[in-house]
Number of protein chains: 2
Amino acid sequence: MISNKMVNFVKNSSAIRAMFEEGNRLAKLYGAENVFDFSLGNPNVPAPEAVKTAIREMLDEEDPLVLHGYTNSNAGYEDVRQVIADSLNERFGTSFQAKNLIMTVGAAGGLNVILKTLVNPGDEVITFAPYFGEYRSYTANYDGVLVEISPNTEDFQPKLDEFEQKISAKTKAVIVNTPNNPTGVVYSEETIKKMAAILEAKQKEFGTDIYLISDEPYRELAYDGVEVPYLTKYYANTIVGYSYSKSLSLPGERIGYLVIPDEAADSEDIISAATVANRILGFVNAPTLQQKVIAKCINEKTDISYYDRNRETLYNGLKELGFSCIKPQGAFYLFVKSPVENEKEFVAAAKKYNILIVPGSSFGCPGYVRLAYCVAYETIVNSLPKFKELAGEYFK
Amino acid sequence: MISNKMVNFVKNSSAIRAMFEEGNRLAKLYGAENVFDFSLGNPNVPAPEAVKTAIREMLDEEDPLVLHGYTNSNAGYEDVRQVIADSLNERFGTSFQAKNLIMTVGAAGGLNVILKTLVNPGDEVITFAPYFGEYRSYTANYDGVLVEISPNTEDFQPKLDEFEQKISAKTKAVIVNTPNNPTGVVYSEETIKKMAAILEAKQKEFGTDIYLISDEPYRELAYDGVEVPYLTKYYANTIVGYSYSKSLSLPGERIGYLVIPDEAADSEDIISAATVANRILGFVNAPTLQQKVIAKCINEKTDISYYDRNRETLYNGLKELGFSCIKPQGAFYLFVKSPVENEKEFVAAAKKYNILIVPGSSFGCPGYVRLAYCVAYETIVNSLPKFKELAGEYFK
């Protein structure tokens, strides 16, 4: 008796659920320390101590009716949005005001809000494979059509020629995710400039507005001093979705925001509509205590050196064993080429060594697997002998 | 460039927003203490002290990776769900397990999740006027059709004869809200039994399953010792949506749950699908810190004597002035008959005295107005002379 749409959603979700249950089963059989679970993007670096301090201070000082009450606007506390706007302006030379920000229930909430705001049934939403599989569901929620640009397996930068060809009069939005899940790739400024030029030309050609949605939960996780361009500066119709899940290790608390700049076409209407969408989708407002945590911890950073050490250790370890993988510049994933064409066979083989990894087909890119290295360093170190055994099945 | 659906949602939202802005404008002009804002259902009793204590303890004792991390299941922490199930079983003689509960981003989140789970485009969702206006949006989100049962202005109990007539083969769900927003009415056990009998008969007649969705944010706000029947005991296909917004004064924190009992048809499929819906709508999981607060504060109660005093004072005050209103047994609203047919004229007249109230047409019941008495007691006392002046315009 569940709805037809949900029948499909449930079917597509069963793989992830099966993997999760398999992890539990293996942990019970062999002990959690002997299971090498690289399947989940759940941060392993704890939230900064300042988060604790901020919560304690607010419990002492703030009126609980305000601290836990509905926010006056469904967009969230105005003072919190102002703090974030100021911080973005200082970091990126933008000129956002509080009104350009809507606090959301994480990036997932933000993406749902903006897609509900923009997408009519049949509208096309373009994204670049490999991509976060949830984009399929988020787009389908509003009867949009997700259009995939095939992966460029050379360096996993976007295939701009195919992108140009696939933009149509029905293209309402383009989702980019840089640093990228699952590849860890950061789009270069040159790439962004070319992408923006293509979008500008296509908007003119079709007489439409095409919104570039920048999904940025991994913005702060960039290594080797690489710059992550701030996209609103390159293309006017850019909307940013952000989350503190990774940058402050608060994924369960569901706190993030959308930025809808004045420069975006119909900016005011979009801000109004997104604020209403935030309400009627049932979010109402982003959790209030956590909104205030963000304002108090605006300059806090997660310890990315922890992830960086994991990255180096796992990347070098796998390379030495003969696996093939580009070195990621951001996020906390390695996207490794499967030594056999059907990567699901490889995933199954890895499981024999209690190694849990996710098939690339979940990200629109078969032939590869994703390893989330946001795990304990020991897990990586201890997994390498197992990877060596696994490698032995393929490389002589 | 916003989606066609959102154009309508925004249009319908402008009245509430206008009222909010009017409140701000009046507060600036006359001082907040001289504005009598009865427009919002925002609790005025602070969260119990135990909430503070619980948060402090968890900050000291819990691993932040768990406290703020993604929950293993999108349904939420299993131990938290077990605590709530145990509490419900003890209070209501039910036999729920953790698996029957899904932690949600408030009741608004829960209703969206269950409607997405159940409703196909064109399916009918029945509700009883007057009703919380958001049901219109929540149903439209999934292309359902909201079917209203006209109000019984005698006592605001549901019109069961009209209900029986309006159930069709397309009826997928019925939403009830008791204690009720906006009337404060509690449906009696007799009413519930009759409603259940009608639903049973209609399920047989059409060979369908019709789910009764009990939206219960006001369950704990019942006065004069009135019993609020627990609906799963009267009708197998009942799904409960609950929120701690009112019962623990945590509306901004967005924490509640759905109960999907084993007795409901296709219970397992609905639980799976609702868990997936919780994820793909962007909630992912209910805020984790607040989930744990609930488990620690399961036996805490809000101080309803505060609301009760407000209820008595405002109800008696308005009656003495000649206004007509049934005495509510629950929630924190009075639903007052407008002294003129077009209640929007009455709302405008009240505004001249800095009294802000909401027209009944927002709840599908023109000719009435809603007063939220979840305000400071002083606001009620100080508003009565203004209500007297207002009454003078109508009653001689």
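(A) Spotlight on the interface of chain A and chain B. With 76 residues of chain A at the interface, the matching set in chain B holds 76 residues. Of the roughly 6,000 Å² buried between chain A and chain B on both sides combined, carbon and sulfur atoms contribute 57%. Taken together, chain A and chain B are joined by 4 salt bridges. Close ionic contact of Arg56(B) with Asp60(A) constitutes a salt bridge, the shortest N to O distance being 2.7 Å.

(B) Examining the sheet that holds strand β12 (residues 368-372) of chain A more closely. Ordered by their spatial adjacency, 3 strands build an open sheet running β9-β12-β11 (chain A), and the pairing between neighbours is antiparallel. Among the strands making up the open sheet, the edge pair consists of β9 (333-337) and β11 (358-359) of chain A.

(C) View of the relation of the copies chain A and chain B. By a simple turn and slide, chain A fits onto chain B: the slide is 0.0 Å along the axis, the RMSD is 0.0 Å, and the turn is 180°. Those values place the two copies in the arrangement expected of a two-fold rotation axis.

(D) Examining the packing of aromatic side chains more closely. In the structure shown here, the tally under the stated rule is 48 aromatic pairs over all chains. With centroids separated by 5.5 Å and ring planes inclined at 80°, the aromatic side chains of Phe156(A) and Phe335(A) adopt a geometry described as edge-to-face. Here Phe156(A) is found in the loop between β4 (145-149) and α7 (160-166), whereas its partner Phe335(A) is found in strand β9, with 179 residues between them in sequence. Judged by relative accessible area, which is 6%, Phe156(A) ranks as buried. Relative accessible area serves as the criterion here: at 1%, Phe335(A) is assigned to the buried category. Between Phe323(B) and Phe346(B), the ring centres sit 5.8 Å apart and the planes meet at 45°, which makes this aromatic pair tilted. Of this pair, Phe323(B) sits in the loop between α12 (304-320) and β9 (333-337) while Phe346(B) sits in helix α13 (residues 343-352), and the two are 23 residues apart along the sequence. Comparing Phe323(B) with Phe346(B), the two get one shared label, buried. Here the aromatic residues Phe38(A), Phe323(A), Phe346(A), Phe387(A), Tyr394(A) and Phe395(A) are joined through ring pairs into a cluster of three or more. Over the ring of Tyr377(A) we find Arg309(A), and its NZ or CZ is 3.6 Å from the ring centre. If you follow Arg309(B) out to its NZ or CZ, it ends over the ring of Tyr306(B), 6.0 Å from the centre.

(E) Focus on the side chain of Thr232(A). Checked against the element boundaries, Thr232(A) lands in the loop between β6 (211-215) and β7 (238-243). Those residues in contact with Thr232(A) that lie beyond four places of it in its chain are Thr94(A), Phe96(A), Thr238(A), Val240(A) and Pro261(A).

(F) Representation of the sheet that holds β7(A). Residue and element names in this part refer to chain A. Overall, mixed pairing links the 7 strands, which are arranged β2-β8-β7-β6-β5-β3-β4 in an open sheet. Since the sheet does not close on itself, it has two edges, and those belong to β2 (101-104) and β4, each with one partner. Averaged over all pairs of adjacent strands, the angle between their axes in this sheet comes to 20°, without regard to strand direction. Looking at chain direction, β6 and β7 are connected through 4 bridges and run parallel. Residue pairing in the sheet places Ile213 in a bridge with Ile239 of β7.

(G) Spatial organisation of the packing of helix α2 (residues 49-61) of chain A against helix α11 (residues 288-296) of chain A. All names here are of chain A. Between α2 and α11, the shortest axis-to-axis distance is 9 Å and the interhelical angle comes to 120°. One element, α2, and the other, α11, form an angle in the oblique class. Our pair here, α2 against α11, has a crossing hand that is right-handed. Residue-level contacts link Val51, Ala54, Ile55, Glu57, Met58 and Glu61 of α2 to Leu289, Lys292, Val293 and Lys296 of α11.

(H) Geometry of the environment of Tyr223(B). Residue and element names in this part refer to chain B. Within the secondary structure, Tyr223 sits in the loop between β6 (211-215) and β7 (238-243). A residue is classified by how much of its surface remains accessible, and Tyr223, at 1% relative accessible area, is buried. Separated by 87 residues in sequence, Tyr223 and Arg136 have C-alpha atoms that sit 29 Å apart. Setting aside residues no more than four positions away along its own chain, Tyr223 makes contact with Ile304, Tyr307, Asp308, Arg311, Pro328, Gln329, Gly330, Ala331, Phe332 and Tyr373.

(I) Main features of the environment of Leu250(A). Along the chain, the position of Leu250(A) falls in the loop between α9 (244-247) and β8 (256-259). Classification of Leu250(A) by relative accessible area gives buried; the value is 0%. Measuring from C-alpha to C-alpha, the distance between Leu250(A) and Gly322(A) comes to 36 Å, with 72 residues separating the pair along the chain. The contact partners of Leu250(A), leaving out residues within four places of it in the chain, are Ala47(A), Val51(A), Tyr244(A), Ser245(A), Ile255(A), Gln290(A), Val293(A), Ile294(A) and His68(B).

What counts and how
- Residues numbered from 1 in each chain as written.
- Chains lettered and ligands numbered in written order.
- Predicted model: local features only at pLDDT ≥ 70, side-chain atom pairs only at ≥ 80, totals over all residues.
- Heavy atoms only, no water.
- Contact = heavy atoms within 4.5 Å.
- Buried area = accessible area lost by both parts, 1.4 Å probe.
- Salt bridge = Lys/Arg side-chain N within 4 Å of Asp/Glu carboxyl O.
- Pairing = 2+ DSSP bridges.
- Helix = DSSP H or I, 4+ residues; strand = E, 2+ residues; numbered from the N terminus.
- Least-squares fit on C-alpha atoms with pLDDT ≥ 70 in both.
- Phe/Tyr/Trp six-rings, centres within 6.5 Å; stacked < 30°, edge-to-face > 60°.
- Buried < 20%, exposed > 50% of the residue type's maximum accessible area, 1.4 Å probe, protein only.
- Lys NZ or Arg CZ within 6 Å of the ring centre and 35° of its normal.
- Axes fitted to C-alpha atoms, helices over the stretch in contact; angles between N-to-C directions.
- Parallel < 35°, antiparallel > 145°, perpendicular 65-115°, else oblique.
- Left-handed = near helix turned anticlockwise from the far one by under 90°.

Everything listed here is a matter of geometry and, on its own, says nothing about what the molecule does.
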